[in-house]
Amino acid sequence: MAKSLSNAPRILPLPEPGSARQLLRDLWVLAKARVVSLLVFTAAVGELLAPATLSHWPAALAGLVGIALAGGAGGVLNQIVEPDLDQHMRRTHGRPLANGRIGRSGAIVYALILMSLAIAILAIWTNPLTLVLTLLGTVGYGVVYTLYLKPSTPWNIVWGGLAGALPPLIGWTAVTGQLAALPVVLVALIFVWTPAHFWPLAIYCRRDYAQACIPMLPVTHGVDRTRREVVRYALATWAVSMIPALLNRDWIYGAIAFGAGAWFVVMALRLQRMAIDADMDRYARRLFAFSISYLFLIFTALLLGKAAVSYGLV
């Protein structure tokens with residue numbers, strides 16, 4: 001049984017002998033570093049796609065560090081709000097706040113440190129547009145999604161996903177200081193990908209969400225409706241993923257995006273047709289894992305396409 005929050009340890013306790021590694025691991029989990037790594041990756045692609053990135057490398061590096069720190073702060077804010085909910089979820093009950101290894105006050109201090117560093121770095125080495133977009137993303141996830149959308153609407157991940165879709169645009173603006181069509185399309189791509197990515201996991205965890213009284217779509221509208229929505233958003237993801245190929249006349253990227261998107265849709269359709277049983281739950285989790293690999297592949301293909309054009313290979 002997880003410790004109650006009232007018995008939580010003191011603020012960011014000094015590590016006892018042998019516990020320093022555990023404290024670092026807890027801080028890593030509090031900042032949702034695995035999720036943040038995906039944000040940083042998409043931001044880095046946005047920077048590398050921007051013109052004259054190498055000549056603006058200090059701003060590009062500062063943009064990545066700022067996004068990582070701000071994303072970590074957003075992850076901590078999310079867990080500060082939800083320790084009681086996290087205790088009801090198999091996936092999250094071992095988190096430091098839910099388990100009582102770190103107190104709420106300590107987590108608040110940690111979030112403030114991360115966010116202050118992010119603001120300072122972005123303000124000094126990038127530009128106001130990048131700072132504003134980063135703040136919007138952090139507040140959108142850590143406050144708007146966590147406090148208002150997640151507990152109140154089954155469509156929470158649709159609108160809340162916009163916050164996590166901004167990094168390619170933030171990366172672009174860190175280098176250029178301006179908006180452009182390509183990074184906006186990449187924001188749209190992640191926006192429509194997010195429900196198709198997350199709802200399979202919500203299907204797998206639907207009993208935990210029900211126990212925690214979180215109105216995720218499989219809980220409020222059932223598995224069948226959720227699976228239909230996964231197919232729709234997978235199709236939308238496939239369609240939007242083809243727009244960069246048209247914008248840049250990049251057929252290397254286009255071929256990869258077409259094939260990967262088609263497979264994403266095929267997997268979503270298979271999920272829709274399965275009987276609702278343990279096999280379907282396992283397949284839903286497999287689709288969730290594939291969707292992460294899919295996004296890495298698509299963004300890597302953008303870089304391959306640009307490299308091919310730059311070196312005259314196409």
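The protein carries the name Protoheme IX farnesyltransferase in an unreviewed UniProt entry, which gives Acidithiobacillus caldus as its organism. Of the protein, the UniProt comment under Catalytic activity (unreviewed entry) reads exactly: "heme b + (2E,6E)-farnesyl diphosphate + H2O = Fe(II)-heme o + diphosphate". If you open the UniProt record of the protein and go to Function (unreviewed entry), you find "Converts heme B (protoheme IX) to heme O by substitution of the vinyl group on carbon 2 of heme B porphyrin ring with a hydroxyethyl farnesyl side group."

(A) Main features of the domain arrangement of the protein. In terms of domains, the protein is made up of domain 1 (24-179) and domain 2 (180-313). Once you take the C-alpha centre of each, domain 1 and domain 2 turn out to be 21 Å apart. Contact with domain 1, which involves 33 residues of that partner, is made by 36 residues of domain 2. Of the roughly 3,200 Å² buried at the junction of domain 1 and domain 2 (both faces included), carbon and sulfur atoms supply 77%. The tally of links from domain 1 across to domain 2 stands at zero salt bridges. Where domain 1 meets domain 2, there are three residue pairs in polar contact (both at pLDDT 80 or more). Among the elements of the structure, helix H2 (33-49), helix H8 (156-165) and helix H9 (167-176) are those that each provide at least two residues to the side of domain 1 that touches domain 2. The leading source of residues in the side of domain 1 that touches domain 2 is H8, at eight residues.

(B) Spotlight on unusual backbone geometry. Residue Cys-213 is not a glycine yet carries a positive backbone phi of 60 degrees. Here Cys-213 lies in the loop between helix H11 (206-211) and helix H12 (217-220). For Cys-213, a relative accessible area of 67% gives the class exposed. Of note, the phi angle at Arg-249 is positive, near 50 degrees, even though the residue is not glycine. You can see Arg-249 is positioned in the loop between helix H14 (243-248) and helix H15 (251-273). Under the relative-accessibility criterion, Arg-249 is labelled exposed at 67%.

Thresholds applied
Residues numbered from 1 in each chain as written. Predicted model: local features only at pLDDT ≥ 70, side-chain atom pairs only at ≥ 80, totals over all residues. Heavy atoms only, no water. UniProt positions renumbered as here; feature names shortened; annotations may be inferred. Domains from an automatic or database assignment. Contact = heavy atoms within 4.5 Å. Buried area = accessible area lost by both parts, 1.4 Å probe. Salt bridge = Lys/Arg side-chain N within 4 Å of Asp/Glu carboxyl O. Polar contact = N/O pair within 3.5 Å; in protein donor to acceptor, adjacent residues only side chain to side chain. Helix = DSSP H or I, 4+ residues; strand = E, 2+ residues; numbered from the N terminus. Buried < 20%, exposed > 50% of the residue type's maximum accessible area, 1.4 Å probe, protein only.

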